[in-house]
Amino acid sequence: MSEKVRYTITACISGTACNFDCSYCYRKKQGVEEKNQPSNFRYSIDYMLNALSKQRLGGIADIIVIGGGETLLHPDVVPFIKGLLAEGHIVEVVTNMTLNHRIDELLDNTPSEHLERLLVKGAFHYLELKRLNKLDDFFNNMKKVVDAGASCFPFLVICEEYIPLLDEIKQAFLDNLGELPHCTSALDFAEAKMKPYGFYNNEFKKLVSEKFNSKINDTFDRFLSVDVKNHFCYAGEWSFVLNTSNGSISRCFYSPSEQNIFRDISSEIKLGAIGTNCCIGNCALHYNLVSQGIMPDFDDVVPYGDMLYKPKLFNKKLVELLNFKYENYMPLFSKEEEQKINAKARETFEELKTKV
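Quick caveat: nothing in here was measured; it's all calculated off a predicted structure.

**Regarding the overall build of the protein**
Turning to step 1, where the next piece is worked out: When its secondary structure is counted, the protein shows 15 helices and 11 strands.
Turning to step 2, where the next piece is worked out: Dimensions along the principal axes, computed over C-alpha positions, put the protein at roughly 55 × 50 × 40 Å.
Turning to step 3, where the next piece is worked out: Every one of the 356 residues in the protein was classed for burial, and the buried ones make up 55%.
Turning to step 4, where the next piece is worked out: Considering only residue pairs separated by 6 or more positions, the protein has 76% of its internal contacts joining residues 24 or more positions apart.
Turning to step 5, where the next piece is worked out: A total of about 15,600 Å² of accessible surface is found on the protein, and carbon and sulfur atoms cover 47% of it.
Turning to step 6, where the next piece is worked out: Side chains of the protein give 41 positive and 48 negative charges; the mean places of these two sets differ by 1 Å.

Written out as structure tokens, the structure reads:
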């Protein structure tokens, strides 16, 4: 790999607008009733791209573009993605793969060297795809992404109503793509607990493992039982979460916003590691960060590129780019430094709570 990834950035597209109405939608579980709230960017695309330039970040980034609803509904998100690719970043896009014109827009006139760094994650919502007669669109768009030279992988969140349909779902993937989807189980997001539902038992886990053999699911299952507060995490130092609507950033999900990186793009991006001050119940859904070594205690987790790889859906260049571990080239803190960082992060979080 010629360039080292400096940050993993989760770029959240605000709003809840979506063309699907899934019963298990995590937004519903969080009590978000209005599903058609549009997303917005307060800053121009060019300005945002300058704020996320390689020079500003200190290198390329792995940037995950994900919406509160359907990511590609935002009218300016495709130019934003293309601009990030032109800057040299790796870009992962989460979408339900049914907005045909947006997929075309994303791929059309995009240089091959940019497409090599594009990963499209197709969220597979089977019952909605069938209800809306969009199943063919999903698979056709996945093929279109691969044919253009980019990479993609289908992703299945297994809710209780999908359990009797797993054989049907599996066959649909084999017939249309010749590859099986990655998967995890639906979680209860209420109050950031991120707990599995009652159907998640040993029998269910065995069933899913046998049918799909997903490395993501293996990592998901492992980290459901890991108490992240017992392990020093470099989120904030090697990764952060960005609100694209206004430029605010936080160290990780559910941690408080600490800096605005759009307000003054000449300012240094500086958060610091979250340490053991995690604000979520587990890291099961953050398989990308775990596989990139965000918690160096778990250096045996399969590298991200190898975790995702589907031979018929990936180009090898992207696998190589994603097979990095931060700990192999970024400085690690001593135990004494970790204690100081932990204390400072706790103090910062407490101060921010009083200002809310």
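Now that the structure has been shown, we can carry on.
**Describing the pairing of strand β2 (residues 60-67)**
Turning to step 1, where the next piece is worked out: The element β2 is extensively covered by neighbouring structure, given that 7 of its 8 residues are classed as buried.
Turning to step 2, where the next piece is worked out: As judged from the 8 bridges shared by strand β1 (residues 5-13) and β2, these two strands associate in the parallel manner. Bridging from a neighbouring strand, Cys12 pairs with Ile66 of β2.
Turning to step 3, where the next piece is worked out: Two elements, β2 and strand β3 (residues 90-95), share 4 bridges in a ladder whose sense is parallel. The partner of Asp62 across the bridge, within β3, is Ile90.
Turning to step 4, where the next piece is worked out: Handedness of the β-α-β unit built from β2, helix α4 (residues 77-86) and β3 comes out right-handed.

**Quick notes on the layout of surface pockets**
Turning to step 1, where the next piece is worked out: Roughly 370 Å³ of volume is contained in the second largest pocket.
Turning to step 2, where the next piece is worked out: Considering the residues around the second largest pocket, the lining is formed by 18 residues, among which Glu237, Lys270, Leu271, Gly272 and Lys344 are closest to the centre.
Turning to step 3, where the next piece is worked out: Looking at which element gives the most residues to the lining of the second largest pocket, the answer is helix α15 (residues 335-355), with 4 residues.
Turning to step 4, where the next piece is worked out: Per-class residue counts for the lining of the second largest pocket are 7 nonpolar, 4 polar and 7 charged.

**A closer look at empty space enclosed by the protein**
Turning to step 1, where the next piece is worked out: If you walk through the whole model with that rule in mind, you get 1 cavity of 30 Å³ or more.
Turning to step 2, where the next piece is worked out: In this structure, the largest cavity encloses a volume near 70 Å³.
Turning to step 3, where the next piece is worked out: Lining the largest cavity are Val228, Cys233, Ala235, Cys252, Ile274, Cys278, Cys283, Leu289, Ile294 and Met295.
Turning to step 4, where the next piece is worked out: Taken together, the residues that form the lining of the largest cavity break down as 10 nonpolar, no polar and no charged.

**Notes on the environment of Pro196**
Turning to step 1, where the next piece is worked out: You can see Pro196 is positioned in strand β8 (residues 195-196).
Turning to step 2, where the next piece is worked out: The class of Pro196 is partly exposed, set by a relative accessible area of 31%.
Turning to step 3, where the next piece is worked out: As for Pro196 and Glu105, which are separated by 91 residues in sequence, their C-alpha atoms are 37 Å apart.
Turning to step 4, where the next piece is worked out: Sequence-distant contacts of Pro196, that is, excluding residues within four places in its chain, are made with Ala186, Leu187 and Leu224.

**Some points on unusual backbone geometry**
Turning to step 1, where the next piece is worked out: The phi angle at Asn133 is positive, at roughly 60 degrees, despite the residue not being glycine.
Turning to step 2, where the next piece is worked out: Asn133 sits in the exposed class, given a relative accessible area of 68%.
Turning to step 3, where the next piece is worked out: Phi at Asn213 is positive, roughly 45 degrees, even though this residue is not glycine.
Turning to step 4, where the next piece is worked out: Of the residues examined, Asn213 reaches a relative accessible area of 58% and is grouped as exposed.

Parameters at a glance
- Residues numbered from 1 in each chain as written.
- Predicted model: local features only at pLDDT ≥ 70, side-chain atom pairs only at ≥ 80, totals over all residues.
- Heavy atoms only, no water.
- Helix = DSSP H or I, 4+ residues; strand = E, 2+ residues; numbered from the N terminus.
- Buried < 20%, exposed > 50% of the residue type's maximum accessible area, 1.4 Å probe, protein only.
- Contact = heavy atoms within 4.5 Å.
- Areas by Shrake-Rupley, 256 points an atom, 1.4 Å probe, with all protein chains shown as cover.
- Lys, Arg positive; Asp, Glu negative; His and termini not counted.
- Charge placed at Lys NZ, Arg CZ, Asp CG, Glu CD.
- Pairing = 2+ DSSP bridges.
- Right-handed = clockwise from strand over helix to strand, strands pointing away.
- 1 Å grid on protein atoms, 1.4 Å probe; cavity = no way out; pocket = protein on both sides within 12 Å on 5 of 7 lines; lining within 4 Å.
- Points joined across faces, edges and corners; volume = space filled by probe spheres on them.
- Nonpolar A, V, L, I, M, F, W, Y, C, P; charged D, E, K, R; others polar.

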